[in-house]
Amino acid sequence: MTEATTDRTALTDGGRDVVEHRQLVIVGSGIAALSAATYAARSNNDPLLFEGDEPGGQLTLTSEVENYPGFPEGIAGAELIQEMKTQATRFGAEVEHGIVESVDDSGRPFRLTLTNGDVYTADAVIVASGASARTLGIPGEDELMGQGVSTCATCDGAFFRGEDMIVVGGGDAAAEEASFLTKFADTVYLVHRRDELRAEDYWADRIREHVADGDIEVLWNTEAVEVHGSPEEGVTGASLVRHPEGHPTAKLDADETEQLELDVGAFFIAIGHTPNTSFLADTGVVCDDAGYVQTVGGAGGGQTKTDVTGVFGAGDVVDYHYQQAVTAAGMGSKAAIDADEYLESVADGVTGEAADATPADD
């Protein structure tokens, strides 16, 4: 395999300076990206990670991770990310702060342009840029994120056993998270700005069952406007507004608008995620209607391949369903293995279907 250029001497490419060429560039710095980096570095593929504007990904917003294998006492999300980064860099991966603005896949090597104008080239690219949870933008939300405010009930619900909890949203994700939290909460308040759920019938039926059992109370035509508490004591309550015609924050001055106060110990936001794929807009990488990268999937090798040969996808930017640290790590390792097989095939002059991996011998 040819050696990558790893010094900072600018290369000339098409009349423009290229800061550096690497065999493999990984876009992202969360669990999937760092898992891919560890595997890629151990395969001597000299990976360079661009960590974007959310270094470490969503896991850094989680105060404690108790369900990641190997940590029976749990580990702070930010600490887990730092440990994985240390592991990846020990094997030779390099992490740089930079936001990839665009990828040019019209020729080889790929050209990646950062928001500061720097251009890098790469023989292969792993897209592990994650998906950003949508938030409400209300007072207290940012200050208490990871301290009682959360975008992941599966990650954090167990920390608040016996507490009253709020879940904001009305789609499948909100209904699923509210149902999940009934395992731990005294009462789950499902806060929705309309008078009916957008969730599919299955989840709407589940919510009705929980309401009948007294586990969930749905606050229709209601929106949260502030979260109360402090980083030291966590979430202590929330302020809400309600209007009989829904969307009350657009009708704050109306006589019919009511103000509510709830004492709760946790506040979950479940209004969806936005995959970080805008930088792929001018490429042949196919995304679904919501913007998630489409990969081959299935059995055997090459599961993380995209529609562009040499570009692979891993983690929450692909997986809109599981969105767990352990599944992202597994997908990151797959992407690194798939990328390694691709790079080997290029070095050997083999491309296309002939480059697909064959089953390993027993």
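From a predicted model like this one, the values you see are computed outputs, not experimental measurements.

**Overview of the overall build of the chain**
(1) Moving on: Scanning the chain from N- to C-terminus turns up six helices and 19 strands.
(2) Moving on: Taking 2.2 N^0.38 as the reference for a compact globule, 362 residues should give roughly 21 Å; the C-alpha atoms of the chain span a radius of gyration of 23 Å, in line with that estimate.
(3) Moving on: Looking at the chain as a whole, 51% of its 362 residues qualify as buried.
(4) Moving on: Pairs at least 24 apart in sequence give 61% of the contacts found in the chain among residues at least 6 apart.
(5) Moving on: Surface accessibility of the chain: about 17300 Å² in total, with carbon and sulfur atoms responsible for 45%.

**Concerning the sheet that holds strand S14 (residues 222-230)**
(1) Moving on: Taken together, the three strands give an open sheet; going across it, the order is S14-S15-S16, and neighbouring strands pair in antiparallel fashion. Only two strands of the sheet have a single partner each, and these edge strands are S14 and strand S16 (258-262). Taking each pair of neighbouring strands and ignoring which way they run, the sheet shows an average axis angle of 20 degrees.
(2) Moving on: Sheet topology note: the strand S15 (residues 234-242)/S16 ladder contains five bridges and is antiparallel. When the bridges of S16 are listed, Leu240 appears paired with Leu260.

**Focus on the side chain of Thr257**
(1) Moving on: With respect to the helices and strands, Thr257 occurs in the loop between S15 and S16.
(2) Moving on: Judged by its relative accessible area of 15%, Thr257 is buried.
(3) Moving on: Those residues in contact with Thr257, other than ones at most four positions away along the chain, are Val241, Arg242, His243, Lys251 and Leu252.

Here is what the cut-offs are and how they apply
- Residues numbered from 1 in each chain as written.
- Predicted model: local features only at pLDDT ≥ 70, side-chain atom pairs only at ≥ 80, totals over all residues.
- Heavy atoms only, no water.
- Helix = DSSP H or I, 4+ residues; strand = E, 2+ residues; numbered from the N terminus.
- Rg over C-alpha atoms; globule rule 2.2 N^0.38 Å.
- Buried < 20%, exposed > 50% of the residue type's maximum accessible area, 1.4 Å probe, protein only.
- Contact = heavy atoms within 4.5 Å.
- Areas by Shrake-Rupley, 256 points an atom, 1.4 Å probe, with all protein chains shown as cover.
- Pairing = 2+ DSSP bridges.
- Axes fitted to C-alpha atoms, helices over the stretch in contact; angles between N-to-C directions.

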